[in-house]
Amino acid sequence: MNTYELDIHTHTIASGHGSHATITDMAKAAAAKGLRLLGISDHGPATAGGGKPSYFRGLPQTPKKRLGIEMLYGAEANIMDNNGTLDLDDSILKHLDYTIASLHPAVKPPGTKAENTKAYIAAVKNPYVQIIGHCDDSRYPVDYHALITAAMQYHAVFEINAASLRPDGYRGDTRQNNLTIVHLCKHYHYPFLLSSDSHGTAQIGDFSVITELLQLADISKELILNSDYSLLKKFLNSTFLLC
Ligand SMILES: [Zn+2]
Ligand SMILES: [Zn+2]
């Protein structure tokens, strides 16, 4: 049985690279791993081969339960500029269960620390953005103090991204950045999310590379939204009340 109940940063074939898995394949893998809830968050249209707006428009009509797993349907939207413009319109995002906003080099090359921070803060001001995607990326230096202040104000959370921390991670040395993030969340007693960022089924719900960091920072389970399905639901629902 998995220690955690959910994973909501995962990619299907609709993300266009590195995965041939359908939503049903993903649900099957999540069930096998003992998860209770799975979120699908394919790349927005600015990513080469990413989901088209029509794909995201169709998600709200997709079954909310598959193979006994509760399903959430979101997006990993691209932050396009320092004003936090996303590659999916609010008219689409408002019908999704959640949005992760991320910076990707192929879409928006890294700027200065001030520029990257501005871009992330502008994105979290969007009421449909609840999750700050892999801002541990060492190619995009960020002022984490400024960002957590904005995140708390605008009701978004950091994710600790397992794909960044895996030995084959391609975001540079992210360990120290992730430690900074979890220490800040602990300091403010502000929750965060663990994400597999699994492209396909293989890494769904696998947060093993994060365990050491959580132990080192002595993080209690109530700060981790994956610990309890109701914690995440409460967080997402209260976000929508703010919209
Ligand atoms: Zn990403
Ligand atoms: Zn991703």
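On a predicted model such as this, the values are computed, not experimentally measured, just so you know. (Residues numbered from 1 in each chain as written. Chains lettered and ligands numbered in written order. Predicted model: local features only at pLDDT ≥ 70, side-chain atom pairs only at ≥ 80, totals over all residues. Heavy atoms only, no water.)

**Quick look at the pattern of salt bridges**
Here comes step 1: With the rule as written, the count across this model stands at six salt bridges.
Here comes step 2: Measuring nitrogen to oxygen at the nearest pair gives 2.5 Å for the salt bridge that ties E70 to K233. In this pair, E70 sits in strand β5 (residues 69-78) while K233 sits in helix α9 (residues 229-242), placing the two residues 163 residues apart along the sequence.
Here comes step 3: Of the charged contacts in the structure, one is a salt bridge between D197 and R171, with a shortest N-O distance of 3.0 Å. Placement of D197 in the loop between β9 (193-195) and β10 (198-199) and of R171 in the loop between α6 (162-165) and α7 (175-188) is noted, with a sequence separation of 26 residues between them. Taken as a pair, D197 and R171 share a single burial class, namely buried. (Salt bridge = Lys/Arg side-chain N within 4 Å of Asp/Glu carboxyl O. Helix = DSSP H or I, 4+ residues; strand = E, 2+ residues; numbered from the N terminus. Buried < 20%, exposed > 50% of the residue type's maximum accessible area, 1.4 Å probe, protein only.)

**A word on the packing of aromatic side chains**
In this description, an aromatic ring pair is defined by two values, namely the gap between the centres and the angle between the planes.
Here comes step 1: Evaluation of the coordinates by the stated rule reveals two aromatic pairs.
Here comes step 2: Ring centres 5.6 Å apart and planes at 75 degrees place the aromatic pair Y4 and F207 in the edge-to-face group. Here Y4, found in the segment before β1 (6-7), pairs with F207, found in the loop between β10 and α8 (211-216); they are 203 residues apart in sequence, far enough to count as distant. Each of the two residues, Y4 as well as F207, counts as buried.
Here comes step 3: One Lys or Arg, R36, reaches over the ring of Y229 and ends 3.9 Å from the middle of that ring. (Phe/Tyr/Trp six-rings, centres within 6.5 Å; stacked < 30°, edge-to-face > 60°. Lys NZ or Arg CZ within 6 Å of the ring centre and 35° of its normal.)

**Considering the pairing of β5**
Here comes step 1: With 10 of 10 residues buried, β5 lies mostly within the body of the structure.
Here comes step 2: Where burial is concerned, the two faces of β5 agree: the one with I69, M71, Y73, A75 and A77 and the one with E70, L72, G74, E76 and N78 are both buried.
Here comes step 3: The sheet contact formed by strand β3 (residues 37-43) and β5 spans seven bridges and is parallel. The partner of D42 across the bridge, within β5, is A75.
Here comes step 4: The turn linking strand β4 (residues 65-66) back onto β5 is made up of two residues, and L67 within it adopts a positive phi angle of 50 degrees.
Here comes step 5: Sheet topology places β5 next to strand β6 (residues 98-102); five bridges connect them, and they run parallel. When the sheet's bridge partners are listed, A77 is paired in β6 with A101. (Pairing = 2+ DSSP bridges.)

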